[in-house]
Structures are given as structure tokens and as C-alpha cells.
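The residues making up each chain are set out below.
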Amino acid sequence: MKRLAARRTRNLTILIVAVFAFLGCSALATIALRDTARLSGWLLLTLIIFLAAYNLRKKLPFLPLGSSAAWLQFHIYTGFFTAVAFGIHIAWRIPRGPFEIVLAALYLTVFASGVVGLFLSRSLARRLTTRGDEVMFERIPVYRRQLQHEVETQVLAFLTASDSSAVAQFYADRLEPFFSRTRHFWQHLAQSNRPCVALLNEISSYDRYLNADEREAMQRLAKQVRKKDDLDYQFALQATLKYWLFGHVPLTYALLAFAVFHLLLVSAFSGGGR
Amino acid sequence: MPILESIQRPERWSVPFSTEMTDADIDRLLEVKPLCDLDPTQFRGKFTLRGILQNDARLVRYRKGDIIVRQGDWGNSAFFVISGSVRVDLQATTSLPGEVLGRQKVRRKSAWQVLAQLWNFRREPEVRDVASYREDARIGSRGSGEQTRIYLQDISAVLDTYRTAVIKAGQFFGENAALGRTPRQATVFADQPTELLEIRWQGLRDLMRRDTGIRDHIDQVFRERGLEWFLLNTPIFQHLDKSEVAQLVNQAEFETHGQYDWAGSFKRLARHGADTNLQHEPLIAEEGHHPNGVVIVRSGLARLSRRHEHGHRTVGYLTPGHIYGLDEIVDGWLGKSPKPLKNSLRAIGMATVIIIPTKLIESLLLEKTGRRNISRRTATGGDPLIKRPVIDTTRINPDFVEFLVQNRYVNGTATMLIDMDRCTRCDDCVRACAATHDNNPRFLRNGPIQNNIMVANACMHCEDPVCMIECPTGAIHRQVEEGQVVINDQTCIGCGACASNCPYDAIRIVEVRHKRGDFIRDDRKHAPIVKATKCDLCADQWTGPACQNACPHDALVRMEMRDVQKLTEWYTR
């Protein structure tokens, strides 16, 4: 079996065994009239602290804390495990108090954003290799400006040389908004190239109003449109891969703060009961 | 009508080794033994004896204590002692420490230093501690640029402490490393004012070709000093006894293929296509021919290719220690009829090979191992002949193998490969590199991509490190224990020789700054001090390469390209 597939099988097996072991322990604790909510609560808080610690590990690459890849594997499978621990903790019911509802909502949002992040990092990375040149995210605005400058220089040169304003007019009306900023973010994310095809169709249907030189100039513009569309595609996917963490990480810290507060409240109002 | 510019076609001696050799120098050299014994009539055609001395040699003078070559350095020249004498460090009990030779042993950071990286984070790039550039009491340097000499401060203490041997006027040294493209085996320093004739390897080769005396001498020295050790360390010969190894040493042939300064020609060739590159790779052995012997790569790299339609398909590559032609000899011996070579072997850049004649292989290895044992080739028996490594790249996409060989990435012992199907472009690798190098990332997450694998622009710590040739102070060197190629910042003079020699553009020359943020300047000309920087494979960190360790998605790996099995496992995982 291939190494990554073998790792996935091993980790999934461990996860399933751990889940069943936890469910079994929880059932036994219920039969023994133990407070399962307290046990699952402590376990959940400990696991969430470990999960949040991954971000700290990333910031300390010089400490011998194990590889980031090993941490991520732990993060993913432990993350899935917490879903079961959370279910047991809330007894598979919707919490009643407003604070508990917010806490549960926070947990579910963090969990969901983690699952979405996992899906994105596995699918978008692969898709990035299918279109356009490999570009660094921070350089994309520079390349976009360069491309726009090239196109505008081309259009102006044609305008000066031919005394015809058809190409320049088309650029100003239809292409300038396309080249001046990043476009079609969501369509690229959804792997749709409809907007680009539509624009290229507009360019080709405009042919009927042009002479041979103008058609040639428009063909050059069509090439630049494809280039810009590839750049937008790279931007959309890379930005998504970068920015989903801006939701996941702050929400995790909020969850941690709420969970600690929840623990304090529970401890304060438990009245020493076990 | 376009204007055609014409220039004189560049030739071998267009750029001589030195422009300072005068006729009087050459006359004087031709009176010194053994040069005076050379027969000028043997040097016919363009490459006359005077021409070789004029263009491929230079006179260099050293003062007492000056280090001439260091153990582990790479150099392209041999030396002949004209007057004075030099000492060679015999390393009988202990060799001269790196610090004395102007090197720096990279030490792992202490626990406190590791932690201190949390707050000792410089905002300005390339900040250096000026105090670290103050002179080290144990070493001195004089001269500037390429004429910089590192010298031993207390030569009598060195002579008392370390066992050395004298090389006197009229003797050669350094020829093994120059011809074999292997690291210098010992450190040599001048023990009195000494004049040396330094001959670059092309000149030495021509002298050997035309004069049997010099050829026999160098051949004998090579067999005595280099070949025996090399063969004893080759797994298939490890079980031979002394007399059998002596037979191998006497009958082995030694060949050099390709260009010594391949880095420069590679940069030019890189602009052309694959076919052009293949044409420039000298053929060592051709597919379809019968094997004259087993070819063992001693240094450099070689391409295995097979005819495919009207071209050649790369099927693998060989690095030092790898063997070619043994399968065919074994198959021929088992089948009792000679078998032709299945692949062609070409030198990539430059390769030196040792050829052991077929008859010797048959008598010393095959007959001794026995027909039954050899036919169990796939068994994991104890005999190295049976379990010898197979260079099998068939599980890797042929285009990717072609790409690796074509661009000579197979030279790397720690090539940075990134699987772009898994890389999320999070740049954790770059941030980790910066965090472990005082906020200065030592690589670019950018580079050519083939089959969705990127070879990033990072030092590959090459098997054949052409960057180390021409470093005047030995600042760039290979760590003895773990093999990383590192730069000693204290002795780097910023000449840029390493950066211009590196075929992969992995070395950068940077202007260094004071803690305050202003540039450190030379006290005479007030020009900024520059230093060479590159990836050091985190030699001083506890974690190993931070880039690989920081990749969350297992996308980045530092690959020992010699280990084809590991490469295959990673590629097909």
C-alpha cells in the first residue's frame, strides 16, 4: 500500500477504536451513575487546548517538538474525535442557556471551519496546478498591474497608429474593469470559467465590426484576457487557502476563552456535587 | 540588412590560467627537473610544452605558514614544488582542526540559544555581530581578493603537535584531487618561503598524455593513494583479500569524461533543448556494445539512456560508487555467451570512472561467488554481489527522470522537492527558514516544475560541489560529519566565486548590516562588506532542516538524489 494511504488507514483505525472505546467508557460511566458530562467536559477542554497548541507549534519551528505534518495529522483526527466527545458532553441535545448555545455554536463553527479547511487544502492545492503559471500570492497584484500596463500600452499604440477608436473603445467599455482588479472570485472557486468564456465570446462577436488589423489587435487582447483570467484563478484559490485560517484560528481562541469561562461557571455553581 | 557581428571563436587558451607568466619564467621552469627532461618534440600541434606552461600554469609564492590546500577542499589544479618545501598533514593521530584552517565547525545551538531565537529576532536583514569579524588569534589572513592567503600563526606549535611529512623541490602534490575531481585528501602548508608551479588539470592531463615519465608517476601515485582505498570501499569488492585487491589496483583503468568547469557550460546549454544537452555529454559506454569491464563511477554523475525511436530516453543516473555493466557481464557469464550493454552511459558535466576488466571480474568475483549463488540475484543474501543496489527508475515517470537528469538536480544530496499537488502555498517552510536564520530565509519557494513536482531554489548540497572550487579562503566547505556544504561567515571575503560557479543560482551575495541597521563598511574604501549566503540545512539547529519539518502537508522533502529507492517511494507514495 502507498505510504500516505497506509497512514490514512492507520489513523482512521486508531480514530475508530478510540471513538468506540470512548463510547463504551461513557456508557459504563452512565451505568455506574458517574457524571459523564464532567468527564467528557474535561477531556474536551484538554483536547481543544492541544488542538489550539498546533498554531503555537507553527510559530516555534526551532524547537524539537516533532514535525508539523505529524502535528497536523494529530490535529485532524483529534478534531474528529472531539465531535464525539462534544456529542456525549451535551448528551446529543441542543443546549438551553444562551451562554451554552453560544459555546456550542462556537464549537460547531470551529469544527466545521476545520473540516472545510481540510477539504480546501486537499482539493484546491491540486487544482492550482491545473491552470496558469505557478505564481507567488504576494506577487499577483504586481503581475496584474504589469499585464494591465501591457494591454493599455498595446491599445494606445494601436489607437495612435490606426486612427481607429474601435479597439480602444471596446477596451474602455468592457476590458478595463476586467484588467483593473481581480475578478470572478467565486466563479473561480466553483471551477466555473463562464465569465471568461463570455468575455471571449464578446471579443469574437465584435469581429464583425472590425477590419483585419483591428481583428488582429483584438486577438492579442483575447490572449491577455486568458492570461488575466488564469491570474485571477490563482488569486481566488490561493487567497481561499490563506484566508480560511483567519476564520478558524480566531474562532478557536474565542472557543477556548468561552470554554474556560464555562468551566469556571460550572465549578462555581456545581456546589461540590460529583 | 542586419549587421552581423563577428568575434574570434573562443578557444581553450583564450582565458589563460594566469596572465603573468613571462617567457623568462618559462625558460627558468624548463631548466628545473623533471620539466627539463621533457621532450618538446612530443608536444606537437597547438599544445606545445611552452604553450601549456604559458597558459595552463602559474607561479605562486607562499610565505612560511601559508596554507596551500586544505583537506576536504575542492580544487582543479596540482602543484609542483619549484623551490622551498611544504608540509603535508599526515593526520596520523589527529588532523589540523578546522578552526586553524579558517573553517568553522558548525555546532548545534545550546538549549538557551535555541530558546533565545524567540526574542533575538532582527528586523533588518543580514545583521552580523561586528565583533565576530575581529581577527581570530589562531588564524591570520593576508592579501585580498583571489590572492587572500590564510596562514598558520604559530607554525612551530603546529609542527610539534601534528605529524607532518615534507614535500621537497621537484615533487608533485594535489594531482589526485585535480584529476579525479575529489576532495583534497590532506592539508598542505608552506614551512618556508616556497615557490610552486600550479598547473590546472587540463595542462596536467596534456603533460601526462605526452610524457610517459609524468604519466607513470601520477598513475602510480593515484593507484597507491586513491584507488586501493576506493576499491576496498566498493561493496562488491569488500570480500576480496589483499592479493586480489592488488590485482584490481594494477589492472584497473582510470578515465575522465566531460568538462571540469561544467557549471559555466551548463548555464549556456540550459538555454538549448534536451537533444543539444545530450550531444554535449561524452559517451562512456554505448548501448549494444559488449562490455569491456565493469564501470564504477568514482566522482561526478552519469546518465543511463536507451535508444527510443530517433532519440534517447533517460532511464536512470549513476552517482559515485554506482556500478554499470555488471548485469551484462553476469548474464553473459551465466549464459556462456557475451551479452551487449542494455543502456548507454554518458558523463553529466564531468565524471571520473574506474574500469575493471571483464576477465578480472569473472575470475575474482563470479567464479568465486559461484553460478548457483549468482542466479539467486533477487535474494537478500549476505554477498554484496547478489544484493547490490539496482538503479531502477521505472516506477518514476520517465519525463520526471529526464527533467532531473537534464537539469542536473541529481547532483543534490538534499535537493528541495515540493509536491505541488499537496502544497497549499502556506509558506510555513519559508517562515520556518527565516525563524531559524535570524529572519533571513535562505531559499526561494520558486523553481521549475515537472509532473507537479517543484525543484525549489535552495542549495542542494551537491555531490559534486562546483561552488567549492576557487574559494580563495576555503570559507565554503563540506562538514565532515554530516556532509552539509556550509559557509564560514568569518572567513568569507565576498568574492562571489561560489555564487558564479553554482549552476543552480542557489548562493546569494548580500550586504551585511550592523545591529543598528546600517551597512558594515570596509574601513579603507568604505564600500559595504558583502558575504555569500545560502541554505545550511539548519546544521546548527536541533530539528534538522526547518523547511521540511515545518511543512504541514508532507509536500516538501529534502531528497538525497543518490537514493533512487527513497526518491521512488516519495514519488509514488
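Residues numbered from 1 in each chain as written. Chains lettered and ligands numbered in written order. Predicted model: local features only at pLDDT ≥ 70, side-chain atom pairs only at ≥ 80, totals over all residues. Heavy atoms only, no water.

1. Comments concerning the nonpolar core
Residues and elements named next belong to chain B.
Alright, step 1. Core analysis: the biggest nonpolar cluster contains 44 residues, and L404, L417, I476, I507 and L567 have the highest contact counts within it.
Alright, step 2. With 5 residues, helix 14 (residues 398-406) is the largest single contributor of residues to this core.
Alright, step 3. The contact partners of L567, leaving out residues within four places of it in the chain, are Y317, I396, L404, L417, M559 and M561.
Alright, step 4. Among the nonpolar cores identified, the runner-up in size contains 26 residues, and L59, A78, F172 and L204 belong to it. (Core = buried A, V, L, I, M, F, W, Y, C linked by side-chain atoms within 4.5 Å. Buried < 20%, exposed > 50% of the residue type's maximum accessible area, 1.4 Å probe, protein only. Helix = DSSP H or I, 4+ residues; strand = E, 2+ residues; numbered from the N terminus. Contact = heavy atoms within 4.5 Å.)

2. Topic: the side chain of T352 of chain B
All names here are of chain B.
Alright, step 1. The residue T352 is located in strand 16 (residues 344-357) in this model.
Alright, step 2. Note on T352: relative accessible area 0%, which makes it buried.
Alright, step 3. Reaching out from T352, the side chain makes a polar contact with the side chain of S299 at a distance of 2.4 Å.
Alright, step 4. Non-local contacts of T352, meaning those with residues more than four positions away in its chain, are made with L179, G180, F254, E255, T256, I296, V297, R298 and S299. (Polar contact = N/O pair within 3.5 Å; in protein donor to acceptor, adjacent residues only side chain to side chain.)

3. Quick look at the packing of aromatic side chains
Alright, step 1. Applying the stated rule across the entire model yields 23 aromatic pairs over all chains.
Alright, step 2. With a centroid separation of 6.4 Å and an interplanar angle of 75 degrees, the aromatic rings of F50 of chain A and F74 of chain A are classed as edge-to-face. Of this pair, F50 of chain A sits in helix 2 (residues 36-59) while F74 of chain A sits in helix 3 (residues 68-89), and the two are 24 residues apart along the sequence.
Alright, step 3. On the basis of relative accessibility, which here comes to 45%, the residue F50 of chain A falls in the partly exposed class.
Alright, step 4. Measuring from centroid to centroid gives 5.1 Å for F79 of chain B and F173 of chain B, while their planes differ by 10 degrees, and the two rings are stacked. Here the residue F79 of chain B occupies a position in strand 3 (residues 77-83), and F173 of chain B occupies one in strand 8 (residues 172-173), the gap between them amounting to 94 residues. Here F79 of chain B matches F173 of chain B in class, with each residue buried.
Alright, step 5. Between the NZ or CZ atom of R131 of chain A and the centre of the ring of Y233 of chain A, over which it lies, the distance is 4.4 Å. (Phe/Tyr/Trp six-rings, centres within 6.5 Å; stacked < 30°, edge-to-face > 60°. Lys NZ or Arg CZ within 6 Å of the ring centre and 35° of its normal.)

4. Remarks on the interface of chain B and chain A
Alright, step 1. With 33 residues of chain B at the contact, the number on the chain A side is 29 residues.
Alright, step 2. Approximately 2700 Å² of surface area, both sides summed, lies buried where chain B meets chain A, with 57% of it carried by carbon and sulfur atoms.
Alright, step 3. Viewed at the interface, chain A and chain B are joined by 5 salt bridges.
Alright, step 4. Counting the contacts that link chain B with chain A gives 9 residue pairs in polar contact (both at pLDDT 80 or more).
Alright, step 5. Among the elements of the structure, helix 3 (111-116), helix 15 (428-436) and helix 17 (546-550) of chain B are those that each provide at least two residues to the side of chain B that touches chain A.
Alright, step 6. For the side of chain B that touches chain A, the element with the highest residue contribution is helix 15 of chain B, accounting for 4 residues.
Alright, step 7. Looking at the side of chain B that touches chain A residue by residue, the classes come out as 15 nonpolar, 10 polar and 8 charged. (Buried area = accessible area lost by both parts, 1.4 Å probe. Salt bridge = Lys/Arg side-chain N within 4 Å of Asp/Glu carboxyl O. Nonpolar A, V, L, I, M, F, W, Y, C, P; charged D, E, K, R; others polar.)

5. Here we look at the sheet that holds strand 2 (residues 67-69) of chain B
All names here are of chain B.
Alright, step 1. An order of 2-9-4-7 is seen for the 4 strands of this open sheet, with the pairing classed as antiparallel. Of all strands in the sheet, those bounded by a partner on one side alone are strand 2 and strand 7 (164-168). Across the sheet, the axes of successive neighbouring strands diverge by a mean angle of 35 degrees, strand direction being ignored.
Alright, step 2. As paired strands, strand 2 and strand 9 (residues 188-190) are joined by 2 bridges and run antiparallel to one another. Counterpart to I67 in the pairing with strand 9 is F189. (Pairing = 2+ DSSP bridges. Axes fitted to C-alpha atoms, helices over the stretch in contact; angles between N-to-C directions.)

6. A few points about the pattern of salt bridges
Residue and element names in this part refer to chain B.
Alright, step 1. Taken as a whole, this structure holds 32 salt bridges over all chains when the rule is applied.
Alright, step 2. Across the pair R445 and D427 runs a salt bridge, and its minimum N-O distance is 2.6 Å. Of this pair, R445 sits in the loop between helix 15 and strand 18 (449-450) while D427 sits in the loop between strand 17 (415-419) and helix 15, and the two are 18 residues apart along the sequence. Assigned by exposure class, R445 and D427 land together as buried.

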